[in-house]
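Single-letter residue listing:
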Amino acid sequence: ARDVVVEGAQPLDVHAILDVPSGVVLMVNHLGLVRVFRATDLHRDGALRTLAPVWTRSFVGDMERIVALGSRLVGSRPRETRAGGVLVSEPLSLATADGDVDADGDVDADVALEPWGPVTALGALSLDGRECVAVGGTGRVGVVPLVDGHLGEPCWQCDVDLQPATFLWEGGVLWVA
């Protein structure tokens, strides 16, 4: 996708570009604007071209950490509010929840893991065939599965002597930095 210009893109602090299994690529900026593109439009050779999003909707601004679990976004709650936990979005695809690709409005989300306090690190991983998110906050790290579209109880968690900023899941080992 190195030869793509995004139509209407504003240079507003892009927080995530995520290739989602449902055939879309999501771009989320600092203001919470979610743009959805067809993955097939991005993954092809050719000359420089302008790419328009299939749809654009609002999520929540100031999410510093965002990952995709299946077709859902999981993001830290806005840093400015110091609210605990994460937001788990509705499923996102080329068609919106009501099937209308041109729909505007907000992406619906549920709050999860609020007792964890502010989340400083997120990572998507697969554990024993289950989609999970690694979650880190001041002094602790855990792995939480996605169950029926919602985050379940942590598979495990442990205390750490740092404020996690990033994760790497490799060979069954969760690296924390």
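Up top you'll find the structure we're talking about.
What this report covers is the structure whose coordinates are included nearby. (Residues numbered from 1 in each chain as written. Predicted model: local features only at pLDDT ≥ 70, side-chain atom pairs only at ≥ 80, totals over all residues. Heavy atoms only, no water.)

**Here's the deal with the sheet that holds strand β3 (residues 24–29)**
For clarity, the threshold we go by: Each pair of strands is called paired provided DSSP finds at least two bridges between the two strands. Helix and strand definitions here come from DSSP, where helices need a minimum of 4 consecutive H or I residues and strands a minimum of 2 consecutive E residues; each element is numbered from the N-terminal end. Note on geometry: axes are lines fitted to C-alpha atoms, helical ones only across the stretch in contact, with angles between N-to-C directions running from 0 to 180 degrees.
Strands sit in the order β2-β3-β4-β6 across an open sheet of four strands; the sheet is antiparallel. In this open sheet, the two strands that pair with only one neighbour each are β2 (14–20) and β6 (55–58). Going across the sheet, the axis of each strand differs from the next one's by a mean of 20 degrees, ignoring polarity.

**Digging into the sheet that holds strand β9 (residues 86–89)**
Ordered in space as β7-β8-β9-β10, the four strands form an open sheet in which the pairing is antiparallel. If you trace the sheet from one side to the other, it starts and ends with β7 (66–69) and β10 (109–112), each paired once. Going from strand to strand, the sheet's axes swing by 25 degrees on average, the running direction of each strand aside. With three bridges joining them, strand β8 (residues 72–76) and β9 adopt antiparallel strand pairing. Within β9, the residue paired with G75 across the bridge is L87.

**Points about the pattern of salt bridges**
Going by this rule: Salt bridges, as used here, are contacts in which a Lys or Arg side-chain nitrogen is within 4 Å of a carboxyl oxygen on Asp or Glu. Three labels apply to residues, based on accessible area from a 1.4 Å probe with only protein chains included: buried if under 20% of the type maximum, exposed if over 50%, partly exposed otherwise in between.
This structure, assessed with the given rule, holds three salt bridges. In this structure, E90 engages R57 in a salt bridge whose closest nitrogen and oxygen atoms are separated by 3.1 Å. Note that E90 is positioned in the loop between β9 and β10 and R57 in strand β6, a separation of 33 residues in sequence. A relative accessible area of 8% means that R57 is categorised as buried. Among the salt bridges present, the one from R77 reaches E114, with a minimum N-O distance of 3.2 Å. With R77 in the loop between β8 and β9 and E114 in the loop between β10 and β11 (119–127), this pair connects stretches of sequence that are 37 residues apart. What makes E114 partly exposed here is its relative accessible area of 47%.

**As for unusual backbone geometry**
Despite not being glycine, D62 has its phi angle at roughly 65 degrees, a positive value. Structurally, the position occupied by D62 is in the loop between β6 and β7. Positive phi is not limited to glycine here, since D148 has a value of about 50 degrees. Along the chain, D148 turns up in the loop between β13 (140–147) and β14 (150–151). Taking relative accessible area as the criterion, D148 reaches 73% and is therefore assigned exposed.

**Considering the side chain of H15**
Our working rule: As used in this structure description, the phrase polar contact means that two N or O atoms lie within 3.5 Å; if the pair is within protein, one of them must be able to donate a hydrogen and the other to accept it, and residues adjacent in sequence are counted only when both atoms belong to side chains. For this analysis, residues touch if any pair of their heavy atoms sits within 4.5 Å.
For H15, the location among the structural elements is in strand β2. Within the local environment of H15, its side chain forms a polar contact with the side chain of D13, the two groups lying 3.1 Å apart. A distance of 3.3 Å separates a polar atom in the side chain of H15 from a polar atom in the side chain of H30. Non-local contacts of H15, meaning those with residues more than four positions away in its chain, are made with V28, N29, H30, M63, E64 and I66.

**Regarding the side chain of E90**
For E90, a relative accessible area of 10% translates into the label buried. A polar contact is formed between the side chain of E90 and the side chain of R57, at a distance of 3.1 Å. Within the local environment of E90, its side chain forms a polar contact with the backbone nitrogen of D108, the two atoms lying 2.7 Å apart.

**Re the packing of aromatic side chains**
Pairs of aromatic rings are described using the distance from one ring centre to the other and the angle between the two planes. So the rule is basically this: Pairing of aromatic rings covers Phe, Tyr and Trp, the last counted by its six-membered ring, and requires centre-to-centre distances within 6.5 Å; plane angles under 30 degrees mean stacked, over 60 mean edge-to-face, and any other angle means tilted. Only Lys NZ and Arg CZ are tested; either one counts as a charge over a ring when it is within 6 Å of the ring centre and within 35 degrees of the ring normal.
Per the stated rule, a full pass over the model turns up zero aromatic pairs. Taking NZ or CZ as reference, R57 lies 5.3 Å from the ring centre of W55, over its face. Over the face of the ring belonging to W116 we find R140, whose NZ or CZ atom lies 4.1 Å from the ring centre.

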